[in-house]
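Residue-level listing of the chains:
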Amino acid sequence: MTELSTDDEKYLRRAIALADAAVDSGNRPFGALVVDGDGTVVAEGYSTQQSDRDWTAHAEMNVLRAAGRTVSWEANVRRLVFGLGEASMRPLRSGNPQGRGLAMSCRDVLSTSAHPIEVIGPALEEEAIEPHRRFWNLAPRSEGWA
């Protein structure tokens, strides 16, 4: 696995802070950034599935939409850095009916891309797990929770 650079750590910690903000606003604990090749943060966002009542409003989708509004670019992601792996997240989510999802890693999904995408992670897992612990321990346990 590739080691995190100082910039990777900075951006990943910002994504973790965004995940905390998502929890604070009643949403799922996911944050994301788009950073260009020069290291400029183009957009940032977090999951708004609950507050927007829109199940497509994942952090990644929100941040890509925001980036598309501010710069002219194609969704030409070449590198992805993430904090918490699915294997670490699953035990927290499994007790909540709303937390059941596919047991599929981002590597599995991105391996189907037409161009190679470098994937780095999990990284900073002890920090990245905290918003998830907060959210999944607080989330209602009913099927009707939205």
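Scroll up for the structure.
Residues numbered from 1 in each chain as written. Predicted model: local features only at pLDDT ≥ 70, side-chain atom pairs only at ≥ 80, totals over all residues. Heavy atoms only, no water.

### Focus on the packing of aromatic side chains
Convention followed: Between rings of Phe, Tyr and Trp, where Trp is taken as its six-membered ring, a pair exists when centres lie within 6.5 Å; planes separated by under 30 degrees are stacked, by over 60 edge-to-face, and by other angles tilted. Burial status follows relative accessibility: with a 1.4 Å probe on protein chains alone, a residue under 20% of its type maximum counts as buried, one over 50% as exposed, and anything between as partly exposed.
What the rule picks out here adds up to 1 aromatic pair. Centroid distance F135 to W136: 4.7 Å. Interplanar angle 90°. Geometry classified as edge-to-face. W136 matches F135 in its accessibility class, with the two residues each being buried.

### A short note on helix α1 (residues 6-24)
To keep things clear, this is the line we draw: Secondary structure follows DSSP: runs of H or I at least 4 residues long count as helices, runs of E at least 2 residues long count as strands, and numbering of each begins at the N terminus. To estimate the expected span of a helix, count its residues, drop one, and scale the result by 1.5 Å. Taken from the helix axis, the directions to the C-beta atoms give the arc we talk about.
Over its 19 residues, α1 extends 27 Å from the first C-alpha to the last, a length consistent with the 27 Å expected when each residue adds 1.5 Å. Buried residues of α1: D8, Y11, L12, A15, I16, L18, A19, A22 and V23, and no others. Looking straight down α1, one finds its buried side chains confined to an arc of 155°; they lie on one side. Relative to its buried face, α1 has exposed residues pointing more than 90 degrees away, namely T6 and D24. Phi for G26, located one or two positions after α1, is positive at around 85°.

### Section: the nonpolar core
Applicable threshold: Throughout this description, the term nonpolar core refers to a set of buried Ala, Val, Leu, Ile, Met, Phe, Trp, Tyr and Cys residues connected via side-chain atoms within 4.5 Å. By the convention used here, residues are in contact when the closest approach between their heavy atoms is within 4.5 Å.
Membership of the largest hydrophobic core comes to 13 residues, with the highest contact counts inside it found for L4, L12 and L84. Going through the elements one at a time, α1, α4 (86-93) and α6 (125-138) are the ones with two or more residues in this core. Setting aside chain neighbours within four positions, we find L4 in contact with E9, L12, V81, I120, A123 and L124. Among the nonpolar cores identified, the runner-up in size contains 7 residues, and A32, V34, V63 and A66 belong to it.

### Details of the side chain of T48
Here T48 shows up in the loop between β2 (41-46) and α2 (49-52). Residue classification places T48 among the buried positions, given a relative accessible area of 14%. The residues touching T48, leaving out its near neighbours within four places in the chain, are N27, R53, A57 and N62.

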